[in-house]
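# Observations on the model geometry
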Amino acid sequence: MSKQSVRTAQVADHPQATGTPADAGDAGYSKDLKHRHVNMIAIGGAIGTGLFLGAGGRLHTAGPALALAYLVCGVFAFFVVRALGELVLYRPSSGSFVSYAREFLGEKGAYVAGWMYFLNWSTTGIADITAIALYTHYWSLFTPVPQWVLALAALTVVLAVNLISVRIFGEMEFWFAIVKVATLVAFMLIGVFLLATRHDVDGRTPGLGVITGHGGLLPHGAMPVVLVMQGVIFAYAALELVGVAAGETAEPEKVVPRAVNSIMWRVALFYVGSVVLLALLLPGSLYSAGESPFVTVLSKIGVPAAGDVMNLVVLTAAMSSLNSGLYSTGRILRSMAVAGSAPRFTGVMSRSQVPYGGILLTCAVCVLGVGLNYLVPSQAFEIVLNVASLGIVSTWVIIMVCHLVFVRRARAGRVTRPHFRLPGSPVTEVATIAFLLACLGLMWNDPEVGRRTLLLIPLIALALVAGWFGVRRRVARAADRELTELTR
């Protein structure tokens, strides 16, 4: 039995202990995130660089059927967040799924979950600073500035802001999300207007003719659509932030269900709706990986300033994603540090109740991304996107496995499921896990980047095994110390 299971049982047996944090790593946090913060963090998590930058290259590769790929991946992403939401209501924790992995899968499960999530967000952070540099190069003023310099500047600014306090983080994400949502709504209104009035876009009349006249839904066949699935999964990667943020809100039982349930229509509206509009306005061949598809459209309609404004907005989206990555890994690493599976310094809190040790560690890995932007600026985004996909898939699989064990224990009468539940268990979890692993396997069909990324799996596994042997004694001591405190 894991120490988390013993802790939960102790709390259940002693009602007076319910005020004690369910996970020792939760101690010391403020509860300054409000409902509007968590709700907009959920929205912001669903709208990031995967849509604003990644959709351009994917439209070029896969064509209009990309919208179907976003829809399918969005359904499974919703299942993951719904499962996590149920676990959050069972026991809110800033350690989120790492804390749940500790309870339901043991310390080894928590160790793997935490470090794979760190891999996810540290490489996503590299993708974000790469995107920021690419966006900035849109303006001729910054063209002479090397890509790595812009990436380093962005990282420095976001790090400074993230270290202030969770309230400032919440406010920043709130307004970042407001800007992203307002801009997407404005773009969609413009797109609908162009379609309704049949206004020329780059000399073409928008509508179904743009699709049928350029190869139909599958201009390059079905395989490119299948292959972009793992990249589409990356687009939804920040949705699990809801689970992390719930540990720093005073009323998770009210906030989390609303935020989770609203994710599905946001996916349908912002992702699927945006991609459909983009496909109806311009042929997929005119979009590119190096420029936001929204900037491409607005520039083509003869309003250059509109392209500048949109580029500024997508730059904000990338900054938001980077900010969220530093926030979440800081909390996850602190939970691991308390359990002994992460370096001690990552558990250190500042006076403003910010776990700055973990944030700085993530930032240090992002600095390596600055070097990547120096060595291979043209491939930096795709390389780290694929590596991040390994972390994303493993994180989501672990969440679903934790939920399977949770449901099994609930049926045995050992825990109580909240009213907010993942429907269709266990079929939903098994189908989601199978889908995620299939997306991972599809990377083998991309010999340039995807196949090389999959070949990293044995190296990552070796590093995890070596790391576990390095921390297992410290983990055992931490578990013994905590169990001693619980049984006093």
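For the structure, check the block above.
A short tour of the structure in this document, coming up.

Turning our eyes to something else, we now look at the overall build of the chain. Within the chain, the regular secondary structure consists of 22 helices and zero strands. Out of the 488 residues in the chain, the part that is buried amounts to 59%. Sequence separation of at least 24 residues holds for 79% of the intrachain contacts in the chain that already meet a minimum separation of 6.

The subject of this paragraph is the nonpolar core. Membership of the largest hydrophobic core comes to 150 residues, with the highest contact counts inside it found for Tyr70, Trp115, Phe187, Tyr236 and Trp396. Considering each element in turn, this core owes the most residues, 17 residues, to helix α19 (residues 380-411).

This part covers the side chain of Glu86. For Glu86, the location among the structural elements is in helix α5 (residues 66-90). A relative accessible area of 0% means that Glu86 is categorised as buried. Engagement of the side chain of Glu86 in a polar contact is seen with the side chain of His403, the distance being 2.7 Å. Not counting the four nearest positions on each side in its chain, Glu86 is found in contact with His403, Phe406, Arg417, Pro418, Phe420, Arg421 and Leu422.

Another point: unusual backbone geometry. A cis geometry characterises the amide bond from Ser425 onward to Pro426, with omega recorded as 5°. Its location among the elements puts Pro426 in the loop between α19 and α20 (427-442). The phi angle at Arg198 is positive, at roughly 55°, despite the residue not being glycine. Examined against the element boundaries, Arg198 turns out to sit in the loop between α9 (166-197) and α10 (208-212). Arg198 gets classed as exposed once you look at its relative accessible area, which sits at 52%. For Asp202, which is not glycine, the phi torsion reads 55° and is therefore positive. Examined against the element boundaries, Asp202 turns out to sit in the loop between α9 and α10. Residue class for Asp202 comes out partly exposed when judged on its relative accessible area of 33%.

Calculation criteria
Residues numbered from 1 in each chain as written. Predicted model: local features only at pLDDT ≥ 70, side-chain atom pairs only at ≥ 80, totals over all residues. Heavy atoms only, no water. Helix = DSSP H or I, 4+ residues; strand = E, 2+ residues; numbered from the N terminus. Buried < 20%, exposed > 50% of the residue type's maximum accessible area, 1.4 Å probe, protein only. Contact = heavy atoms within 4.5 Å. Core = buried A, V, L, I, M, F, W, Y, C linked by side-chain atoms within 4.5 Å. Polar contact = N/O pair within 3.5 Å; in protein donor to acceptor, adjacent residues only side chain to side chain.

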